[in-house]
Amino acid sequence: EQGVQELKILRLVPRKVILGIGCRRGKSCHELRQVLENVLKEYQVAPESICRMASIDLKKEEPGLLGMAEELEIPFETFTREQLQDVPGEYAASSFVSEVTGVDNVCERSAVAALRKEEQKNARFICRKQAENGVTIALLEAGWEVCFE
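Along every chain, residues carry numbers that run from 1 in the direction the sequence is written. Only residues with pLDDT of 70 or above have their local features reported here, since the model is predicted, and side-chain atom pairs are shown and tallied only from 80 upward, although totals for entire chains, interfaces and linings are computed over all residues. The side-chain quantities take in all heavy atoms of the structure and omit both hydrogens and water.

Explain the packing of helix H1 (residues 29–42) against helix H2 (residues 63–72) to me, using residue names and the numbers behind them.
Axis separation between H1 and H2 bottoms out at 8 Å; the angle between their running directions is 60°. Relative to H2, the element H1 is oriented oblique. Crossing geometry of H1 relative to H2 is assigned as right-handed. Taking contact as the criterion, the partners of Cys29, Leu32, Arg33 and Leu36 in H1 are, on H2, Gly64, Leu65, Gly67, Met68, Glu71 and Leu72. Throughout this entry, Asp, Glu, Lys and Arg are counted as charged residues, while Ala, Val, Leu, Ile, Met, Phe, Trp, Tyr, Cys and Pro are counted as nonpolar. The remaining residues, Gly among them, count as polar. Residue composition of the contact of H1 with H2, grouped by class: six nonpolar, two polar and two charged. Geometry is summarised by axes, namely lines fitted to C-alpha atoms with helices restricted to the contacting stretch, and by angles between N-to-C directions that run from 0 to 180 degrees. Only runs of H or I of at least four residues qualify as helices and only runs of E of at least two qualify as strands under DSSP, and these elements are numbered from the N terminus. Working definition: roughly parallel below 35 degrees, roughly antiparallel above 145 degrees, roughly perpendicular at 65 to 115 degrees, and oblique for all remaining angles. Crossing handedness follows the turn of the near helix against the far one: under a right angle anticlockwise gives a left-handed crossing, and clockwise gives a right-handed one. What makes two residues a contact is simply this: any of their non-hydrogen atoms within 4.5 Å.

Shown next, in the form of C-alpha cells:
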C-alpha cells in the first residue's frame, strides 16, 4: 500500500499591497484586525502581502492602528487632509468623514497617497472602500512585475 506523497509547495507572496484604513476613535486592535481579516478572506488576499498601512494624520496616535501595524510588522504612514485632498482620482465620498476629517474619503485616498513613484504604474485597487463596525478599509496593489533574465 502506497502512502500519500507529501506535497512540497513553494508559495511566493510579493509584499505589494497597501492597506488604506480609517476608523472611529477608540477602535481596538482586535476590532480592526477582525474587519481586516474579513476583507482579506473575502478578496482572497494573503495577510503577508501587506507592505504598509496608511491613514490620515489625525489617526497617527490611534492605539488600535499602531497596535495593528506592530502586529503586522509593517510601517504606518499618515497624510494630512491637504495631501489626501490632492490625491487624483474618484473615491467613495462620505459626508460624515468629510465633516470629521475635512476630506471625503480616508481609506482609498491614503492608500493611493502611500504609493511610491516606482509603484504607480499598473497600481490597482483589489478592493475599494469596505465599511464594517466603524472601520473602513481599501486594499491597493502597488504596481510590480516579475523579470526573468
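Next comes the rest of the write-up.
Tell me about the environment of Arg15, residues and numbers included.
With respect to the element layout, Arg15 can be found in the segment before strand E1 (17–23). When the C-alpha atoms of Arg15 and Ser94 are compared, they prove to be 30 Å apart, with 79 residues separating the residues in sequence. Contacts described as polar in this section are N or O atom pairs within 3.5 Å, which, within protein, must combine one atom able to donate a hydrogen with one able to accept it, while residues neighboring in sequence count only if both atoms come from side chains. Of the polar contacts made by the side chain of Arg15, one reaches the backbone oxygen of Ile50; its length is 2.8 Å.

Please give an account of the sheet that holds E1 that cites residues and values.
Being paired, for any two strands, means DSSP has found at least two bridges between them. Pairing is mixed across the open sheet formed by five strands, whose spatial order is E3-E2-E1-E5-E4. At either margin of the open sheet sits one strand with a lone partner, and together these are strand E3 (76–79) and strand E4 (124–132). Adjacent strand axes in the sheet meet at a mean angle of 20°, parallel and antiparallel pairs treated alike. In the sheet, strand E2 (residues 50–56) pairs with E3 via four bridges, with the strands oriented parallel. Residue Ile56 lies in a different strand from E3, and its bridge partner there is Phe79. With respect to the sheet, H1 is in contact with E1, E2, E4 and strand E5 (135–141), its orientation differing from that of E5 by roughly 45°. On top of the sheet, H2 reaches E1, E2 and E3; it is set at about 160° to E1, its chief contact.

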